[in-house]
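# Fold and geometry: a report
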Amino acid sequence: MHRCGPLWAPMDMRPQIVGCGSSGRAPPNTVAACFEAIDGGADSVAVDVCETGDGVLVAANLRTLRLLRPTGAGVPTFEAVSSAPLDEVFGPHASRHRIVRLQTFLSEVGGLPLHIRIDGPLRPAAWRAFESTLFARESGGTTVLGTPDRIVGWSVPSHVRRVALVEGAGDVYDAVTGHVDAVAASTRSLSMFGRVPLPLVALDCDTRSALVRAQSAGVVAVFTERPAWFRCAWEERRDARV
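Just so it is clear, the model here is predicted, and its values are computed rather than measured.

### Remarks on helix α1 (residues 31-39)
Within α1, burial applies to Val31, Ala33, Cys34 and Ala37. Buried residues in α1, looked at end-on, bunch into an arc of 165°, giving them a common side. Once α1 ends, the next one or two residues include glycine 41, with phi positive near 110°.

### Description of the pairing of strand β2 (residues 44-51)
With eight of eight residues buried, β2 is to be regarded as a mostly interior element. Of the two faces of β2, the one lined by Ser44, Ala46, Asp48 and Cys50 and the one lined by Val45, Val47, Val49 and Glu51 are each fully buried. Judged from the five bridges that link them, β2 and strand β4 (residues 114-118) form a sheet pairing that is parallel. In the strand pairing of β4, aspartate 48 is matched with arginine 117. Here three bridges tie β2 to strand β3 (residues 57-59), and the two strands are oriented antiparallel to one another. The residue bridging valine 49 from the neighbouring strand is alanine 59, located in β3. The antiparallel hairpin formed by β2 and β3 contains five residues in its connecting segment, where glycine 55 sits at a positive phi of about 85°.

### A short note on the packing of aromatic side chains
Throughout the structure, instances matching the rule amount to five aromatic pairs. Ring geometry for tryptophan 127 against phenylalanine 130: centres 5.8 Å apart, planes inclined by 50°, an arrangement best described as tilted. One end of the pair, tryptophan 127, and the other, phenylalanine 130, are both in helix α6 (residues 124-136), three residues apart, so they sit about a helical turn from each other. Phenylalanine 130 carries the same exposure label as tryptophan 127, and that label is buried. Over the face of the ring belonging to phenylalanine 78 we find arginine 101, whose NZ or CZ atom lies 4.6 Å from the ring centre.

### Thoughts on the pattern of salt bridges
This structure, assessed with the given rule, holds five salt bridges. Close ionic contact of arginine 14 with aspartate 43 constitutes a salt bridge, the shortest N to O distance being 2.9 Å. Of this pair, arginine 14 sits in the segment before β1 (16-19) while aspartate 43 sits in the loop between α1 and β2; the two residues are 29 residues apart in sequence, bridging distant segments of the chain. In this structure, arginine 231 and aspartate 43 form a salt bridge, with 3.5 Å as the shortest nitrogen-oxygen distance. You can see arginine 231 sitting in helix α10 (residues 227-241) and its partner aspartate 43 sitting in the loop between α1 and β2, a full 188 residues away along the chain. Residue class for arginine 231 comes out partly exposed when judged on its relative accessible area of 24%. Within the structure, one salt-bridge network assembled from shared partners comprises Arg14, Asp43 and Arg231.

### Remarks on the side chain of arginine 137
Mapped onto the elements, arginine 137 comes out in the loop between α6 and β5 (142-146). A polar contact of 2.9 Å, which involves the side chain of arginine 137, links it to the side chain of threonine 142. If we skip the residues at most four places from it in the chain, arginine 137 touches Leu106, Val109, Gly110, Gly111, Leu112, Leu114, Thr142 and His159.

Thresholds, definitions, all that
- Residues numbered from 1 in each chain as written.
- Predicted model: local features only at pLDDT ≥ 70, side-chain atom pairs only at ≥ 80, totals over all residues.
- Heavy atoms only, no water.
- Buried < 20%, exposed > 50% of the residue type's maximum accessible area, 1.4 Å probe, protein only.
- Helix = DSSP H or I, 4+ residues; strand = E, 2+ residues; numbered from the N terminus.
- Arc of directions from axis to C-beta.
- Pairing = 2+ DSSP bridges.
- Phe/Tyr/Trp six-rings, centres within 6.5 Å; stacked < 30°, edge-to-face > 60°.
- Lys NZ or Arg CZ within 6 Å of the ring centre and 35° of its normal.
- Salt bridge = Lys/Arg side-chain N within 4 Å of Asp/Glu carboxyl O.
- Polar contact = N/O pair within 3.5 Å; in protein donor to acceptor, adjacent residues only side chain to side chain.
- Contact = heavy atoms within 4.5 Å.

Listed below in structure tokens is the structure:
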């Protein structure tokens, strides 16, 4: 079974807080969002990776690419999206930010612990480039999230964790039999996976009701746009139980 050391926090402690960018401040998938999340109390940060129409790996999700440069059914090229200011998607505060190559992003965040989410399909050449990037990134700690069909059976470096994004029973079966390190799901569906023999990760923990569901499920990590709020709210609920 693939393992790269202890998985996040023990079950009786606060889960690891994975900071995501906020569309109201530093846009998601930017270097500024990463450092803002750490400054706000996150233990690690999240970034999406996807492939542009011309095969470039970028720190972004497909939705953002398509909103920046609508091209019908296709995905725009790197040249098209990298020249477009992100205020077209996230508002005036994002005007100084741009889509960058994944390697550029990784070099600028340095050794920050990262959770990299694979968004959409990666063609063979892009997948090989992604693997090479992971092998080269040995500092900080790296967790890769993807659908079971992408990460089950995938040989990764010992310093990389694999987390399966699951939506139903079929995904869970594939994740468990594929010996991934954890499964991740929306907080609304966590109750469906209470008996899964793998650590649970909550993907959208930005409200009190989501926090309650995450706490009840005993998650080991949460993704949130509000790391400082989550840290305080979790401790308040924990102390109230004592």
